[in-house]
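Tertiary structure, described
Okay, here's what each chain looks like letter by letter:
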Amino acid sequence: DTGVSQDPRHKITKRGQNVTFRCDPISEHNRLYWYRQTLGQGPEFLTYFQNEAQLEKSRLLSDRFSAERPKGSFSTLEIQRTEQGDSAMYLCASSLFSGLNTEAFFGQGTRLTVV
Amino acid sequence: GQQVMQIPQYQHVQEGEDFTTYCNSSTTLSNIQWYKQRPGGHPVFLIQLVKSGEVKKQKRLTFQFGEAKKNSSLHITATQTTDVGTYFCAAARNQAGTALIFGKGTTLSVSS
């Protein structure tokens, strides 16, 4: 297992277009998180899954954002009608939860630029 | 919602000096984690603290969890240039596993 992988690594899109990112977590991990990070800030929580169930979604998250984790394996994050303010690094992380929080392993991220 | 506040936001030290970053919460935390992010990299897990008053050491790094489980600190003794990066604390409201919320981080720069 090579860790958490994200695809693509970079995405440039025009304002108003839809984009979709993919995250492949570490195979035995049941939890998968999506975060957004802008320069000089910490990772901002977007949503997370335990297996295929989406357990929590940030109240700050626009309706333009949606995430799925079919079959509890890989996950996709879609942003519809992108805006310039969506430009950021989108980080995926996975962990193995068994009653206690454990360390989260992060992917390299997808850097989105909306022009 | 839950927030964890980190101070300072930036810290510059001379190589060999010590460094400390603090993480504070207004609510009691079930546990706290610390991560390091190198420039251009992604966050990498350092440690998790669970018990009230817990102290853990990793070589030159000392991590503490407050008695009330509302604050934590990371102390680096005799900094080296390899310590450069941003240090984040992250916490969840409860062990049932609400989302892991990150602080804004403390960026450490070290000059030789």
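For the structure itself, look to the data block above.
Our subject in this report is the structure included herewith. (Residues numbered from 1 in each chain as written. Chains lettered and ligands numbered in written order. Predicted model: local features only at pLDDT ≥ 70, side-chain atom pairs only at ≥ 80, totals over all residues. Heavy atoms only, no water.)

Regarding its fold elements, chain B presents zero helices and 11 strands. Sequence-ordered secondary structure for chain B, helices as α and strands as β, is β-β-β-β-β-β-β-β-β-β-β. Projecting the C-alpha coordinates of chain B onto the three principal axes gives extents of approximately 45 × 25 × 20 Å. Taken across its 112 residues, chain B has 51% of its residues classed as buried. (Helix = DSSP H or I, 4+ residues; strand = E, 2+ residues; numbered from the N terminus. Buried < 20%, exposed > 50% of the residue type's maximum accessible area, 1.4 Å probe, protein only.)

All names here are of chain B. The antiparallel open sheet is built from five strands, whose spatial order is 1-3-8-7-6. Unpaired on one side and paired on the other, strand 1 (4-7) and strand 6 (55-58) mark the two borders of the sheet. Each neighbouring strand pair of the sheet contributes to a mean axis angle of 15°, computed without reference to strand direction. Bridge count between strand 1 and strand 3 (residues 19-25): four bridges; the pairing is antiparallel. Bridge pairing links I7 to Y22 in strand 3. (Pairing = 2+ DSSP bridges. Axes fitted to C-alpha atoms, helices over the stretch in contact; angles between N-to-C directions.)

For the rest of this paragraph, the subject is the interface of chain A and chain B. Interface extent is often summarised as the accessible area lost during association of the parts. Chain A puts 23 residues into the contact, and the matching count from chain B is 24 residues. Of the roughly 1,800 Å² buried between chain A and chain B, counting both surfaces, carbon and sulfur atoms make up 49%. Among the residues of chain A in contact with chain B, P43, N101 and F106 of chain A are the three that bury the most area, contributing 29% of the side total. One can count zero salt bridges joining chain A with chain B. Counting across the interface, chain A meets chain B through four residue pairs in polar contact (both at pLDDT 80 or more). Contributions of two or more residues to the side of chain A that touches chain B are made by strand 4 (31-37) and strand 5 (44-50) of chain A. Per-class residue counts for the side of chain A that touches chain B are 10 nonpolar, nine polar and four charged. (Contact = heavy atoms within 4.5 Å. Buried area = accessible area lost by both parts, 1.4 Å probe. Salt bridge = Lys/Arg side-chain N within 4 Å of Asp/Glu carboxyl O. Polar contact = N/O pair within 3.5 Å; in protein donor to acceptor, adjacent residues only side chain to side chain. Nonpolar A, V, L, I, M, F, W, Y, C, P; charged D, E, K, R; others polar.)

All names here are of chain A. One open sheet holds the four strands; their spatial order is 1-3-8-7, and the pairing between them is antiparallel. The open sheet has two edge strands, strand 1 (5-7) and strand 7 (65-68), and neither has a second partner. Each adjacent strand pair in this sheet contributes to an overall mean axis angle of 15°, direction not counted. Inspection of the sheet shows strand 1 paired to strand 3 (residues 19-24) by three bridges, in the antiparallel sense. Considered in strand 3, the bridge of Q6 is made with C23.

All names here are of chain A. You can see T82 is positioned in the loop between strand 8 (75-79) and strand 9 (88-95). Assessed through its relative accessible area of 1%, T82 is described here as buried. Among the polar contacts listed, one links the side chain of T82 to the backbone oxygen of K14, at a separation of 3.3 Å. Ignoring anything within four residues of it in the chain, the contact list for T82 reads T13, K14, R15, G16, Q17, V19, R64 and V114.

A word on the layout of surface pockets. Of the volumes computed, that of the second largest pocket is approximately 580 Å³. Across the lining of the second largest pocket, the residue classes tally to nine nonpolar, 17 polar and four charged. (1 Å grid on protein atoms, 1.4 Å probe; cavity = no way out; pocket = protein on both sides within 12 Å on 5 of 7 lines; lining within 4 Å. Points joined across faces, edges and corners; volume = space filled by probe spheres on them.)

Our focus in this paragraph is the state of the cysteines. Summed over all chains, the structure comprises two disulfides over all chains. Across the disulfide from C23 of chain A sits C92 of chain A; the S-S distance is 1.9 Å. Here the disulfide of C23 of chain A and C92 of chain A is left-handed, its torsion about the S-S bond being about -65°. Here C92 of chain A lies in strand 9 and C23 of chain A lies in strand 3, a separation of 69 residues in the sequence. As far as burial versus exposure is concerned, C23 of chain A and C92 of chain A are alike and both buried. The disulfide bridge from C23 of chain B ends at C89 of chain B, spanning 2.0 Å between sulfur atoms. The sign of the S-S torsion, about 70°, decides the handedness of the disulfide formed by C23 of chain B and C89 of chain B: right-handed. (Disulfide = S-S within 2.5 Å.)

Everything listed here is a matter of coordinates, which is why it stays silent on function.
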